[in-house]
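Fold and geometry: a report
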Amino acid sequence: MPETAATTTRAPDALLPLLAPLLHPWLPRQRWFAGKGRRVTGFSLDAATELLPLDGPGPGLLHLLLRVEQPGRPAGEPADCYQLLLGVRDRLPPRLAPALIGRIRQGPLAGRAVYEGLRDPRLAGLLYERLRTPGRAGPLRFHATRALPGGLAPRVLDAEQSNSSLVFGDAYILKIFRRVSPGANPDLELPLALGRAGCDRVPGPVAWFETADATLGVLQPYLHGSRDGWRLALDALAAGRGFTAEARGLGRATAEVHLALARALPTLRLPRAETEDLAAAMDRRLHAAAQAVPALLPYVPGLRTALAAAGGAEGAGAVQRVHGDLHLGQTLRGSDGAWAVIDFEGEPAKPLDERRRPQPALRDVAGMLRSFDYAARTHRPWNAQWAARCRAAYCAGYAEVSGADPRADPALLRAYETDKAVYEVVYEARHRPDWLPVPMSAIQRLAAPA
Ligand SMILES: Nc1ncnc2c1ncn2[C@@H]1O[C@H](COP(=O)(O)OP(=O)(O)O)[C@@H](O)[C@H]1O
Ligand SMILES: O=P(O)(O)O[C@H]1O[C@H](CO)[C@@H](O[C@H]2O[C@H](CO)[C@@H](O)[C@H](O)[C@H]2O)[C@H](O)[C@H]1O
């Protein structure tokens, strides 16, 4: 693969002391920073690539794979690795002032402003140009599956969540993974497989970039004019409208995706010992969660009972690749009314090999059922009936396409809902403490006898 332009891979030892004082206060404030609530005790660099020189006349663009040391890491596990794209300029134009991270204090680059490179259209445009022109830049490899148009204006998507996304000319969206783990990211792997299986519910990747062992970013068609299921659900609630037709359509779309994943990738029937392992893993997650969020402690015995069903329930052993973090915010309804499913990364807090493991398709169904509950709970007054009707319509739509009604295995569904609600408690405690009561109300329900 050709080196597509002059690229310097900086000696990390020289850069890190200059950047560390700036990154130290900035990093924990980012929504996508997964290590919230734990001190940052040090940094190291896996790679530092100058996509544009830092000491040239124009803005520099520095790509970093940064390891962040924090206490409490299990023995033998590496520190979390984050992908950063830093802009470096002498003078920051006023429109980029909000993107400032800090100014370098010493060395040959002293006085230069370091800022979020993705917020600079010039630098974001350069990244897109790299994707259009497959090749290498230091350790970074760029791939494209088709010819892509040039000259598309970039903008950052402000709905910043676990990752960062850039839209180019309302034609393509580039997701930059923030926490990077070795292995194929399912957000590239699954949409590619779904495309091969002829599933048109998922926008297919048209370009991506990676290192030898990790996926770093994926470009896919931007569904211009679409609205996400979460916003649509909240709008319906605010207007006092039901959402059952939409929920049924979502159930149908989920089943189509599951059927296509089962065609494209292996499905398995696990022996009882292995389903017991799945249930044991849920139990371990519950205990870890209760340590992290003590409010869970009184509910642990009841939740354990609900989780145990995952070991022995009827359908527990039928597993396949799944979405892994399905909720209303991962669905988009186009102007034609058709639903698309996005973000196949799985739960960002879980290790990659766990996210890629085949699981019962009910895991995704349970995720979406939780989401209807979330939407209803964020509305005042709480509209329990609205959620119940959506949940029933979603399951009915799913059954119409797949031939299997998720409600036929209530104990298994409840186990997966419980696992999801436990995950949500930890997620909210870390990222949005004000939202903690939402999954806690589900915890109370799920911990009570069925
Ligand atoms: N193909 C797409 N077309 C239109 N909007 C999209 C598309 N993919 C993602 N989005 C928008 O970007 C947001 C973030 O994307 P997502 O994949 O969920 O990222 P994250 O992993 O950061 O949660 C979504 O909520 C959605 O609004
Ligand atoms: O979309 P992400 O991959 O970043 O997923 C994470 O963030 C979600 C919130 O943005 C979180 O979802 C939870 O909140 C939603 C409402 O904001 C709700 O619809 C979901 O049902 C609920 O799980 C998700 O869990 C987390 O992984």
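Just so it is clear, the model here is predicted, and its values are computed rather than measured.

The subject of this paragraph is the UniProt feature "domain: Maltokinase N-terminal cap" (unreviewed entry) in the protein chain. According to UniProt, the positions carrying the feature "domain: Maltokinase N-terminal cap" (unreviewed entry) are residues 26–120. Helix makes up 1% of residues 26–120 and strand makes up 41%, while its end C-alpha atoms are separated by 18 Å.

To continue, consider the domain arrangement of the protein chain. Split by domain assignment, the protein chain resolves into domain 1 (8–31 + 40–221) and domain 2 (227–447). For domain 1 and domain 2, the distance between their C-alpha centroids amounts to 30 Å. Tallying the contact residues gives 24 residues for domain 1 and 26 residues for domain 2. For the pairing of domain 1 and domain 2, the buried interface totals around 2100 Å² over both sides, and the portion due to carbon and sulfur atoms is 51%. A per-residue breakdown of the area domain 1 buries against domain 2 is headed by R31, L190 and R201, which together make up 32% of the total. Where domain 1 meets domain 2, there are 4 salt bridges. Notably, a salt bridge pairs D343 with K175, separated by 2.7 Å at the nearest N-O pair. The tally of links between domain 1 and domain 2 comes to 12 residue pairs in polar contact (both at pLDDT 80 or more). The greatest single-element share of the side of domain 1 that touches domain 2, amounting to 7 residues, is contributed by helix 3 (residues 186–196).

Before going further, it helps to examine the site of ligand 2. Around ligand 2 there are 16 residues in total, and S162, D325, S371, Y423 and E424 lie nearest to it. The site holding ligand 2 turns out to be the second largest pocket. Only helix 9 (362–377) and helix 11 (410–431) provide two or more residues apiece to the shell around ligand 2. The element that contributes the greatest number of residues to the shell around ligand 2 is helix 11, accounting for 3 residues.

With that settled, consider the site of ligand 1. Near ligand 1 lie 17 residues; those nearest to it are Q161, N163, K175, Q220 and L223. Here a nitrogen atom of ligand 1 sits 2.7 Å away from a polar atom, N or O, in the side chain of Q220. Its free accessible area being 550 Å², ligand 1 has 92% of it covered by the protein chains. Taken atom by atom, the bulk of ligand 1 overlaps the second largest pocket. Looking at the shell around ligand 1, the elements that each hand over two or more residues are strand 11 (172–176) and strand 14 (215–221). The residue makeup of the shell around ligand 1, split by class, is 8 nonpolar, 6 polar and 3 charged.

Let us look at the packing of helix 9 against helix 12 (residues 437–447). The contact between helix 9 and helix 12 brings their axes to 9 Å, and the two run at 120°. For the element pair helix 9 / helix 12, the angle class is oblique. Considering only the axes of helix 9 and helix 12, their crossing is right-handed. Across the interface between the two elements, R370, D373, Y374 and R377 of helix 9 pack against V438, P439, S441, A442 and R445 of helix 12. By residue class, the composition of the contact of helix 9 with helix 12 is 4 nonpolar, 1 polar and 4 charged.

Side chains of strand 13 (residues 207–210) alternate between two faces, with A207 and F209 and W208 and E210 buried alike. For strand 8 (residues 140–144) and strand 13, the ladder comprises 4 bridges, and the chain directions are antiparallel. Of the residues in strand 13, the one forming a bridge with F142 is F209. Summarising the sheet, strand 13 and strand 14 pair through 4 bridges and their orientation is antiparallel. Each bridged residue has a counterpart across the sheet, and for E210 the counterpart in strand 14 is T215. Adjacent in sequence and paired antiparallel, strand 13 and strand 14 are bridged by 4 residues.

Each disulfide is one covalent bond, formed between the sulfur atoms of two cysteines. Tallied over the full model, the rule gives 0 disulfides. With no disulfide of its own, C199 lies 20 Å from the sulfur of C395, the closest cysteine sulfur. You can call C199 buried: its relative accessible area is 11%.

Definitions and cut-offs
- In every chain, residue numbers begin from 1 and rise along the written sequence.
- Written order determines the labels here, with chains lettered from A and ligands numbered from 1.
- Predicted model: local features are reported for residues with pLDDT of at least 70 only, side-chain atom pairs are reported and counted for 80 or more only, and whole-chain, interface and lining totals are derived from all residues.
- Each side-chain value is derived from all of the structure's non-hydrogen atoms; neither hydrogens nor water enter the calculation.
- UniProt positions are given in the numbering used here, feature names are shortened, and annotations may be inferred rather than shown by experiment.
- Note on conventions: DSSP H or I runs of at least 4 residues are helices, E runs of at least 2 residues are strands, and numbering of each starts at the N terminus.
- Start and end positions for the domains come from either an automated domain assignment or a database one.
- We call two residues in contact when some of their heavy atoms are within 4.5 Å.
- Computed with a 1.4 Å rolling probe, the buried area is the accessible surface lost when two parts are put together, summed over both parts.
- A carboxyl oxygen of Asp or Glu within 4 Å of a side-chain nitrogen of Lys or Arg is what we treat as a salt bridge.
- N or O atoms closer than or at 3.5 Å make up a polar contact, with two conditions inside protein: a donor-capable atom paired with an acceptor-capable one, and, for residues adjacent in sequence, both atoms drawn from side chains.
- Nearness of a residue to a molecule or strand requires only that one of the residue's heavy atoms be within 4 Å of it.
- Both site types are read off a 1 Å grid over the protein atoms alone. A 1.4 Å probe that fits but cannot get out defines a cavity, while an open set with protein on both sides within 12 Å along at least five of seven lines defines a pocket; lining residues have an atom within 4 Å of a point.
- Think of it this way: a molecule belongs to a cavity or pocket when more than half its atoms come within 2 Å of the grid points there.
- Here, Shrake-Rupley sampling with a 1.4 Å probe gives the accessible areas, and only protein chains in the shown set may cover a residue.
- Polar here means any residue outside two lists: the nonpolar Ala, Val, Leu, Ile, Met, Phe, Trp, Tyr, Cys and Pro, and the charged Asp, Glu, Lys and Arg; Gly therefore counts as polar.
- Where helices are involved, their axes are fitted lines through C-alpha atoms of the stretch in contact, as for all axes, and angles between N-to-C directions lie from 0 to 180°.
- What sets the label is the angle itself: under 35 degrees gives roughly parallel, over 145 gives roughly antiparallel, 65 to 115 gives roughly perpendicular, and the rest give oblique.
- By definition, any crossing whose near helix is turned counterclockwise from its far helix by less than a right angle is left-handed, and any crossing with a clockwise turn is right-handed.
- For each residue, the accessible area found with a 1.4 Å probe, counting protein chains only, is set against the maximum for its type, and the residue is called buried under 20%, exposed over 50%, and partly exposed in between.
- Should DSSP find at least two bridges between two strands, the strands are taken to pair.
- Here, two cysteine sulfur atoms that lie within 2.5 Å of each other are counted as a disulfide.

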